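# Chain and residue survey
For reference, the chains in residue letters:
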Amino acid sequence: MRGMLARAQALISESALRGNLTALARRAGARLLLPVKADAYGHGLEIVARVAAHHPDVWGLAVAVPREAVALAALGLGKPILLLTPPAPEEVGPLADLGVRLPVASVAEADALPPHARAHLKVDTGMNRLGARPDEAIRVGQRLAERGLLEGAYTHFATADEPDPSFAREQFARFQGVLDALPPVLAHAANGGGILSFGPLPGLSLARPGLASYGFAPTHLREKAPLTPAMTLKARVTHVHAVHPGESVSYGGLWQAGRETSVATVGIGYADGYPRNATGRAQVLVQGERRPVLGRICMDQCMVDVTGLEVRVGDWVEVWGGGEITVTDVAGWGDTVEYEVLTGLGARVERVAEG
Ligand SMILES: *Cc1c(COP(=O)(O)O)cnc(C)c1O
């Protein structure tokens, strides 16, 4: 908005994204079907989709819901788009007209597709969320193939980011059974955890790394590929004041000053996605130093101990980034996971692409 300064900015490093995509495609031995659902895991759909569109290792882009598919198609980036969850019957025609690849999990859905649709057969190999069970999936896939609409087939691992890979291996074997009964298709199964755990999987031509593309991996898989967090979140100081010993800060008076304290109010709160549950644990970087967030994190702001620092209104504070304080830290303080913190980043936070 003209003339109005953002209180918080998410800087998106395009070079970090590009490096992550290259590293993951190499580890997978496959091109990528990049998940850009939920506003590209909070990073900004347009910024990420444009990077992906120019990246040779990216075959296409995957979204969760029809509205995301329509928004992505409107960017006209020229790479295939796959919808990952079932459309309502009245959405099928318009999505097919836009060239969006559709998930199909029943013979009835296969029969209802218009003749110019392209389908990816969804196979449920144990996640029990979406898709046809293997025997049924073979019938659906054969029907799609008869109609000339079968472009791809996929399944989703339930436990690929956990230390024990045995259930994911079982899922993969079930998926291979389905692929063996069908003509060759673009087959895909691994999410980020699957790629990092397994490397190349035989017979698969695509992989779908989400969180890993944005720079995050579970601790036990970190050495499998060089990944860099693509987002740095910063917020502005909006007020600086002194708090005297015995006074409290923020709702509920949870934090009390034991000494004369210089307090900066910072323009980020839980309505922006900074987890309220991180109250009492959260830290931010002020001029490169870790400083505690004092008392309750509020809806629009939080307060930070800046005692001993020369802090002015308008200065930036780093909330998370690729260095000292990461989304992983913030998720831990908030009793949640990186996925929820990133996708919870609010619309008031301006997304800014940087080289
Ligand atoms: C979100 C999603 C992914 C990406 O998962 P990550 O754990 O972020 O790598 C892959 N496949 C499907 C079907 C998804 O819904």
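Residues numbered from 1 in each chain as written. Predicted model: local features only at pLDDT ≥ 70, side-chain atom pairs only at ≥ 80, totals over all residues. Heavy atoms only, no water.

## Topic: the site of the ligand
The cut-off we apply is this: Near, as used in this document, describes a residue that has one of its heavy atoms within 4 Å of the molecule or strand being considered. Polar contact is the term for a pair of N or O atoms within 3.5 Å; when the atoms are in protein, one must be able to donate a hydrogen and the other to accept it, and sequence-neighboring residues count only if both atoms are side-chain atoms. Per-residue and other accessible areas follow the Shrake-Rupley method at a 1.4 Å probe size, with only the shown protein chains counted as cover for residues. Any residue outside Ala, Val, Leu, Ile, Met, Phe, Trp, Tyr, Cys, Pro, Asp, Glu, Lys and Arg is labelled polar, Gly included; the first ten of those are nonpolar and the last four are charged.
Close to the ligand lie 13 residues, the nearest being Lys37, Tyr41, Gly192, Arg208 and Tyr339. At 3.3 Å from a nitrogen atom of the ligand is found a side-chain nitrogen or oxygen belonging to His156. Within the complex, the protein chains bury 91% of what would otherwise be the 390 Å² of accessible surface of the ligand. Partitioning the shell around the ligand into residue classes produces 6 nonpolar, 4 polar and 3 charged.

## Concerning helix α7 (residues 134–146)
Under the convention used in this document: By definition, any uninterrupted DSSP run of H or I lasting at least four residues is a helix, any uninterrupted run of E lasting at least two residues is a strand, and each is numbered from the N terminus. By this rule, a helix spans an expected 1.5 Å times one less than how many residues it contains. Each residue gets one of three labels from its accessible area relative to the maximum for its type: buried under 20%, exposed over 50%, partly exposed in between, using a 1.4 Å probe on protein chains only. Contacts are residue-level and defined by heavy atoms, with any inter-residue pair within 4.5 Å sufficient.
For α7, spanning 13 residues, the distance from its first C-alpha to its last is 18 Å, which sits close to the expected 18 Å at 1.5 Å a residue. Considered for burial, the residues of α7 that qualify are Ala137, Ile138, Val140, Gly141 and Leu144. Where α7 is buried, its residues contact β5 (102–104), α6 (107–112), β6 (119–122), β7 (150–154) and α8 (166–180). Count one or two residues on from α7 and you reach Gly148, which has phi positive near 75°.

## Concerning the UniProt feature "binding site: substrate" (unreviewed entry) in the chain
Rules: UniProt positions are given in the numbering used here, feature names are shortened, and annotations may be inferred rather than shown by experiment.
Under the present numbering, the feature "binding site: substrate" (unreviewed entry) in UniProt falls on Arg129 and Met299. Spanning 171 residues, the annotated positions stay apart in the fold, the maximum distance between their C-alpha atoms being 33.5 Å. Note that Arg129 resides in the loop between β6 and α7. Ignoring any residue separated from it by four or fewer positions in sequence, one finds Arg129 in contact with Asp124 and His156. Looking at where Met299 falls in the secondary structure, it is placed in the loop between β15 (289–294) and β16 (302–305). Residue Met299 is classed as partly exposed on the basis of its relative accessible area of 43%. Contact partners of Met299, with chain neighbours within four places excluded, come to Gly269, Tyr270, Ala271, Asp272 and Arg348.

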